[in-house]
Amino acid sequence: MTQLGLPGHIHACLFDLDGVVTRTAVVHAAAWKEMFDAFLRERDGEDFRPFDAASDYDEYVDGRPRADGVRTFLASRGIELPDGDPDDPPGARTVHGLGNRKNDLVLEKIRTDGVQAYDGTLRYLDGVRAQGLRTAIVSSSANCRDVLRSIGAEHYFDVRIDGVVAAERDLPGKPRPDTFLAAARDLGVEPSAAAVFEDALAGMDAGRAGRFGYVVGVDRVGQADALYAHGADVVVRDLGELGGEQ
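Residues numbered from 1 in each chain as written. Predicted model: local features only at pLDDT ≥ 70, side-chain atom pairs only at ≥ 80, totals over all residues. Heavy atoms only, no water.

## What about the nonpolar core?
If you look at the biggest cluster of nonpolar residues, it comprises 56 residues, and the most contacted ones within it are Leu6, Phe15, Phe197 and Leu239. With nine residues, helix α1 (residues 25-44) is the largest single contributor of residues to this core. If near-sequence neighbours (up to four positions away) are discounted, Leu239 is found in contact with Phe15, Val20, Gly120, Thr121, Tyr124, Phe197, Val216 and Val218. By size, the runner-up hydrophobic cluster in this structure holds 19 residues, among which are Val159, Ile161, Ala183 and Ala184. (Core = buried A, V, L, I, M, F, W, Y, C linked by side-chain atoms within 4.5 Å. Buried < 20%, exposed > 50% of the residue type's maximum accessible area, 1.4 Å probe, protein only. Helix = DSSP H or I, 4+ residues; strand = E, 2+ residues; numbered from the N terminus. Contact = heavy atoms within 4.5 Å.)

In structure tokens, the structure reads:
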């Protein structure tokens, strides 16, 4: 293993955003819960079964493109809605309407509370860059660039594959590996020479499906066993545990 805690054949690092670089996973979970609980209360009355910001979030929405998260969670409750259109008004009883409401809530929470980065990840990125490895940010978020700019971290990444780029290229999101594969391709490396850094179970699945050279699970919420079960080669609570700090 290198001083970065990676196998020697790794020449590029592909990082998820929420929960790996930034402390925004909890913000997304809260927004999903607020949106789904309002929808379920309106649909089922006060006896509705609330969205669980831990188990439901991890299983059905974390790491997935927004519309896929809506569909997957609703399917778990036996609910079907029409897709609608991407510009449906927030709260419309369509997949895109609910997704747009969730996005509005996230942006509101970010404007109110700001965004914080994980210091251990930024130090690790410093080490990765110092060692000459190529880097990419791979996120389902359409707000990825704005979030990176807000924490002054855009310069850490040679390539950005986010929700905007995925839509432009018609790339399916996690748990499919296509966005990570696109990042590796843009960096000019084979998947076997790239490491994936993810906190979401869907991201672990994508890393395994894409046959990447190393998959690092970042455990922020006490789900190490699940991360291993979904394909992690190693699980850490913070990237500083891997080494590489300058």
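## So, the environment of Val115
In this structure, Val115 sits in the loop between α4 (95-113) and α5 (119-130). Sequence-wise, Val115 and Ala200 are 85 residues apart; in three dimensions their C-alpha atoms are separated by 19 Å. With residues up to four places along the chain from it excluded, the contact list for Val115 reads Thr22, Thr24, Ile110, Val147, Ser150 and Ile151.

## Notes on α4
Look at α4: 27 Å from first C-alpha to last across 19 residues, which is about the 27 Å you get at 1.5 Å a residue. Those residues of α4 not exposed but buried are Val95, His96, Gly97, Leu98, Gly99, Asn100, Lys102, Asn103, Leu105, Val106 and Ile110. The secondary structure elements touched by the buried residues of α4 are α1, α3 (66-76) and α6 (144-150). Backbone geometry just downstream of α4 places Gly114 in the positive-phi region, at approximately 75°. (Expected span 1.5 Å × (residues − 1).)

## With respect to the sheet that holds strand β3 (residues 159-161)
In spatial order, the strands read β3-β2-β1-β4-β5-β6; together these six strands make up an open sheet with parallel pairing. The open sheet has two free edges, formed respectively by β3 and β6 (234-236), since each of these has just one partner strand. The mean angle between the axes of side-by-side strands here comes to 20°, regardless of whether they run parallel or antiparallel. As defined by bridge partners, strand β1 (residues 12-15) adjoins strand β2 (residues 134-138) across four bridges and the pair is classed as parallel. From the neighbouring strand, Leu14 faces β2, where its bridge partner is Ala136. (Pairing = 2+ DSSP bridges. Axes fitted to C-alpha atoms, helices over the stretch in contact; angles between N-to-C directions.)

## Quick look at unusual backbone geometry
Of note, the amide linkage connecting Lys174 to Pro175 takes the cis form, showing an omega dihedral of 15°. Even without glycine at this site, Asp170 takes up a positive phi of about 60°. Within the secondary structure, Asp170 is located in the loop between α7 (163-169) and α8 (178-187). Residue Asp170 is classed as exposed on the basis of its relative accessible area of 69%. We note that Arg211 has phi near 55°; this positive angle belongs to a residue other than glycine.

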